[in-house]
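For reference, the chains in residue letters:
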Amino acid sequence: NAGVTQTPKFRILKIGQSMTLQCTQDMNHNYMYWYRQDPGMGLKLIYYSVGAGITDKGEVPNGYNVSRSTTEDFPLRLELAAPSQTSVYFCASISPTGRQYFGPGTRLTVL
Amino acid sequence: GESVGLHLPTLSVQEGDNSIINCAYSNSASDYFIWYKQESGKGPQFIIDIRSNMDKRQGQRVTVLLNKTVKHLSLQIAATQPGDSAVYFCAENIGSNYGQNFVFGPGTRLSVLP
């Protein structure tokens, strides 16, 4: 198993640009999550999904959108990038026993 | 809202010594706790978990202690090694919606001195 994979690893955006952060898991987990991690702060939940076709907002969803067309993929979309979205983004999935698996992260800078 | 915090932002220990990393949580309804290790440039890695019906759980060189009376969680690493240098943070989960209500602490940086 590759676990949870994310692309790209790094990205620099200009204000107002858009991009999609990709996330894929090969463990057949239903639950998937997107978090952002800012320096000195704990992970904050952006969006989550309990299965294909079902998504819901987390703690900090503004400025982001998600979709879940398959069990494996859970892309995160930024439509109009803002400097406040500079962060490290982590995708995760959870096994039926509740153990959470994280991807390696995407470091995004918005200038 | 509820939060998970850590007493010490940084911890330096001598190689071979035991390390203790602490975490205070504020939600008495939390029923599941996890410790993660995060190395520089990598995603969080599961270390050990504990449910609220337990007060101690041991893994390989790691032990998690849960004191529900004072809402305190600790991670003990035995015979700390250079490879243990990383940021460690705890997370608490409230209720049965796996992951939806995870609250993460900011982390403690563990530095292992030669």
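Counting starts from 1 at the beginning of each chain's written sequence and moves along it residue by residue. Each chain is given a letter, starting from A, and each ligand a number, starting from 1, according to the order in which they appear as written. Only residues with pLDDT of at least 70 are given local features in this predicted model, and only at 80 or more are side-chain atom pairs given and counted; all residues enter the totals for whole chains, interfaces and linings. Derived side-chain values reflect all non-hydrogen atoms in the structure, with water molecules and hydrogen atoms excluded from consideration.

All names here are of chain A. By this definition, two strands are paired if DSSP reports at least two bridges between them. Put simply, DSSP H or I for four residues or longer makes a helix, DSSP E for two residues or longer makes a strand, and each gets a number counted from the N terminus. Sheet architecture is open: four strands sit in the order S1-S3-S8-S7, paired in antiparallel fashion. In this open sheet, the two edge strands, each paired with only one partner strand, are strand S1 (4-7) and strand S7 (64-66). Averaged over all neighbouring strand pairs, the angle between strand axes comes to 20°, with direction disregarded. Bridging between strand S3 (residues 19-25) and strand S8 (residues 76-78) involves three bridges; their strand directions are antiparallel. What sits directly across from Leu21, in S8, is Leu76. Axis geometry follows a simple rule: fit a line to the C-alpha atoms, using only the stretch in contact for helices, then measure angles between N-to-C directions, giving values from 0 to 180 degrees.

Moving on, we come to the interface of chain A and chain B. In what follows, a contact means two residues having at least one pair of non-hydrogen atoms within 4.5 Å. Of the residues lining the interface, 20 residues belong to chain A; the matching set on chain B comes to 18 residues. When two parts are put together, the accessible area they lose, computed with a 1.4 Å probe and summed over both, is reported as buried area. Interface area for chain A against chain B, summed over the two sides, is near 1,500 Å², with a carbon-plus-sulfur share of 56%. In the sections that follow, a salt bridge refers to a side-chain nitrogen of Lys or Arg positioned within 4 Å of a carboxyl oxygen of Asp or Glu. In this structure, the connection of chain A to chain B is made through zero salt bridges. We define a polar contact as two N or O atoms separated by no more than 3.5 Å, with the added condition that, inside protein, one atom must be a possible hydrogen donor and the other a possible acceptor, whereas residues neighbouring each other in sequence contribute only through side-chain atom pairs. Counting across the chain A and chain B interface gives three residue pairs in polar contact (both at pLDDT 80 or more). Among the elements of the structure, strand S4 (31-37), strand S5 (44-51), strand S9 (87-94) and strand S10 (100-102) of chain A are those that each provide at least two residues to the side of chain A that touches chain B. The greatest single-element share of the side of chain A that touches chain B, amounting to four residues, is contributed by S4(A). A class-by-class count of the residues in the side of chain A that touches chain B yields 12 nonpolar, seven polar and one charged. Polar here means any residue other than Ala, Val, Leu, Ile, Met, Phe, Trp, Tyr, Cys and Pro, which are nonpolar, and Asp, Glu, Lys and Arg, which are charged; Gly is therefore polar.

Right, let's talk about the confidence of the model for chain A for a bit. Looking at chain A, the pLDDT average stands at 94 and 100% of residues meet or exceed 70. Ranking the helices and strands of chain A by mean pLDDT puts S3(A) first, with 98, and S10(A) last, with 92. The pLDDT value expresses, per residue, how confident the predictor is, ranging between 0 and 100.

Turning our eyes to something else, we now look at the layout of surface pockets. Of the voids in this model, the largest pocket is the one considered here, and its volume is about 690 Å³. Gln37(A), Val88(A), Arg107(A), Gln38(B) and Gly41(B) are, among the 31 residues lining the largest pocket, the residues nearest its centre. Looking at the lining of the largest pocket, the elements that each hand over two or more residues are S9 and strand S11 (106-110) of chain A together with strand S9 (86-94) and strand S11 (108-113) of chain B. Residue composition of the lining of the largest pocket, by class: 12 nonpolar, 13 polar and six charged. With a 1 Å grid laid over protein atoms only, a set of points is called a cavity when a 1.4 Å probe fits there but cannot get out and a pocket when it is open yet has protein on both sides within 12 Å along at least five of seven lines; lining residues have an atom within 4 Å of a point. Grid points are joined across faces, edges and corners, and a volume is the space filled by probe spheres set on the points.

Let us look at the pairing of strand S4 (residues 30-38) of chain B. When a strand is regular, its side chains alternate between the sheet's two faces. All names here are of chain B. When you tally the buried positions in S4, you get eight out of nine residues, the bulk of the element. Across six bridges, S4 lies against strand S5 (residues 45-51) in antiparallel orientation. When the sheet's bridge partners are listed, Phe33 is paired in S5 with Ile50. Connecting S4 to the next strand, S5, in antiparallel fashion are six residues, including Gly41 with a positive phi near 75°. Think of it in three bands: with a 1.4 Å probe and only protein chains considered, a residue is buried below 20% of the maximum accessible area for its type, exposed above 50%, and partly exposed in between.

Quick look at the packing of aromatic side chains now. Centres within 6.5 Å make a pair out of two Phe, Tyr or Trp rings, where for Trp the six-membered ring is used; the pair is then stacked when the planes are under 30 degrees apart, edge-to-face when over 60, and tilted otherwise. What the rule picks out here adds up to 13 aromatic pairs over all chains. Aromatic side chains Tyr33(A) and Tyr35(A) sit 6.2 Å apart centroid to centroid with 25° between the ring planes, which places their arrangement in the stacked category. Using a relative accessible area of 0% as the deciding quantity, one classes Tyr33(A) as buried. Taking relative accessible area as the criterion, Tyr35(A) reaches 0% and is therefore assigned buried. Among the aromatic residues, those joined into a ring-pair cluster are Tyr33(A), Tyr35(A), Tyr48(A), Phe102(A), Tyr32(B), Tyr36(B), Phe89(B), Phe102(B) and Phe104(B).

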